[in-house]
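An overview of the molecular structure
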Amino acid sequence: MLIKQNLQNIKKTLPKEVTLVAVSKTKPISDIEEAYNAGQRIFGENKIQEMSQKWNSLPKDIEWHMIGHVQRNKVKYMAEFVSLIHGVDSLKLLTEINKQAVKHDRIISCLLQIHIAKEETKFGLNEEELKELLNSEDFKKLKNIQIKGLMGMATFTKNENQIKKEFKYLKSIYNTINKSLPTASILSMGMSGDYQIAIQEGSTMVRIGSSIFGARNYN
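Reference entry: report on the structure contained in this document. (Residues numbered from 1 in each chain as written. Predicted model: local features only at pLDDT ≥ 70, side-chain atom pairs only at ≥ 80, totals over all residues. Heavy atoms only, no water.)

Re the packing of helix H1 (residues 2-13) against helix H2 (residues 29-37)
Taken N-terminus to C-terminus, the directions of H1 and H2 make an angle of 50°; their axes are 9 Å apart at the nearest point. Our classification of the angle between H1 and H2 gives oblique. Crossing handedness for the pair H1 and H2: right-handed. In this structure, H1 contributes Leu2, Ile3, Lys4 and Leu7 to the contact, and H2 contributes Asp31, Glu34 and Ala35. (Axes fitted to C-alpha atoms, helices over the stretch in contact; angles between N-to-C directions. Helix = DSSP H or I, 4+ residues; strand = E, 2+ residues; numbered from the N terminus. Parallel < 35°, antiparallel > 145°, perpendicular 65-115°, else oblique. Left-handed = near helix turned anticlockwise from the far one by under 90°. Contact = heavy atoms within 4.5 Å.)

With respect to the nonpolar core
Ile85, Leu94, Leu112 and Leu150 are the most contacted members of the largest nonpolar core, which totals 63 residues. The element that contributes the greatest number of residues to this core is helix H7 (residues 160-180), accounting for 6 residues. Not counting residues up to four positions away in its chain, the partners in contact with Leu150 are Leu111, Leu112, Ile114, Leu130, Leu170, Ile173, Tyr174, Ile177, Ile186, Leu187 and Ser188. Core analysis: the second largest hydrophobic core is formed by 7 residues, Ile42, Leu111, Met151 and Met205 among them. (Core = buried A, V, L, I, M, F, W, Y, C linked by side-chain atoms within 4.5 Å. Buried < 20%, exposed > 50% of the residue type's maximum accessible area, 1.4 Å probe, protein only.)

Details of the pairing of strand S5 (residues 108-113)
Of all 6 residues in S5, 6 are buried; the element is thus mostly enclosed. Burial of S5 is two-sided: the residues Ile108, Cys110 and Leu112 facing one way and the residues Ser109, Leu111 and Gln113 facing the other way are all buried. The sheet contact formed by strand S4 (residues 84-88) and S5 spans 3 bridges and is parallel. Directly across from Ile85, in S5, lies its bridge partner Cys110. Following the chain from S4 across helix H4 (residues 91-103) to the adjacent parallel S5, one finds a crossover that is right-handed. Strand direction decides the pairing type here: S5 and strand S6 (residues 145-151), joined by 6 bridges, are parallel. Residue pairing across strands places Ile108 opposite Ile145, the latter belonging to S6. (Pairing = 2+ DSSP bridges. Right-handed = clockwise from strand over helix to strand, strands pointing away.)

Focus on the pairing of strand S8 (residues 205-208)
Burial along S8 is two-sided: the residues Met205 and Arg207 and Val206 and Ile208 are all buried. Direction of pairing for strand S1 (residues 19-23) relative to S8: parallel, over a ladder of 4 bridges. Across the sheet, residue Ala22 finds its bridge partner in S8, namely Ile208.

Some points on the pattern of salt bridges
Enumeration according to the criterion identifies 8 salt bridges in this entry. Of the charged contacts in the structure, one is a salt bridge between Glu50 and Lys54, with a shortest N-O distance of 2.7 Å. Here Glu50 and its partner Lys54 are both found in helix H3 (residues 48-57), 4 residues apart, which amounts to about one turn of the helix. Note on accessibility: Glu50 and Lys54 belong to one class, buried. One salt-bridge network, in which partners are shared between bridges, spans Glu45, Glu50 and Lys54. (Salt bridge = Lys/Arg side-chain N within 4 Å of Asp/Glu carboxyl O.)

A short note on the side chain of His86
Mapping His86 onto the fold places it in strand S4. Classification of His86 as buried rests on a relative accessible area of 0%. Engagement of the side chain of His86 in a polar contact is seen with the side chain of Ser188, the distance being 3.2 Å. Not counting chain neighbours up to four residues away, the residues in contact with His86 comprise Val21, His65, Met66, Ile67, Leu111, Leu112, Gln113, Met151, Ser188, Met205 and Arg207. (Polar contact = N/O pair within 3.5 Å; in protein donor to acceptor, adjacent residues only side chain to side chain.)

Overview of H2
Within the span of H2, buried status applies to Asp31, Ile32, Ala35 and Tyr36. For H2, the buried positions fall inside an angular range of 140° around the axis, keeping them on one side. Once H2 finishes, Gly39 follows within two positions and takes phi at roughly 105°, a positive value. (Arc of directions from axis to C-beta.)

Re the layout of surface pockets
Within this model, the largest pocket holds a volume of roughly 460 Å³. Surrounding the largest pocket, 20 residues form its lining, Lys25, Asn46, Ile67, Met153 and Met191 being those nearest its centre. Among the residues making up the lining of the largest pocket, the classes are represented as 7 nonpolar, 9 polar and 4 charged. Roughly 340 Å³ of volume is contained in the second largest pocket. Lining the second largest pocket are 15 residues, with Phe156, Thr157, Ile163, Gly193 and Asp194 positioned closest to its centre. (1 Å grid on protein atoms, 1.4 Å probe; cavity = no way out; pocket = protein on both sides within 12 Å on 5 of 7 lines; lining within 4 Å. Points joined across faces, edges and corners; volume = space filled by probe spheres on them. Nonpolar A, V, L, I, M, F, W, Y, C, P; charged D, E, K, R; others polar.)

Structure representation (structure tokens):
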């Protein structure tokens, strides 16, 4: 019952235009079922094989979001069912997603990941690379993907001003590309620790895991 309670509490704090992705990575199917029974339909995973197993076992009206770093050779395992791929950071990856989407006669929705954090370990395009990608002829040929917006992860820090600044920066990039990309309507930023700041800075989609499902056990 705790998951249901957590979900209800979080949803009360979210404006109606903000979409909640319940990050269910590493969590058992029973936890996802509990969240599902409480009305949650969008779940985020960071490992394609794990997401694929869960997709096989759970109701088909669930929207599965791939929120982790994507390896090109694994795209084929999720191309049949994935609803949104959050962390797309290269033309090569987009080309592979497009290729696999063609095989399943689908158009796969993607978010381009922008590097906004101070940490080098985070993935993502910089502003220049983003412009280059969107203006490239190869990109324009990809008919089976649709860019739905941007995503980014702030620095893991207690410094709220730093987080705010990074989210503000991402929003400004989003505003710029929004003019040239009519399909872009999603700005995915904010996780359990910083989603309230992200919403203040214009996030339309938050990815929340531990505040719903409790702490993760990575063993």
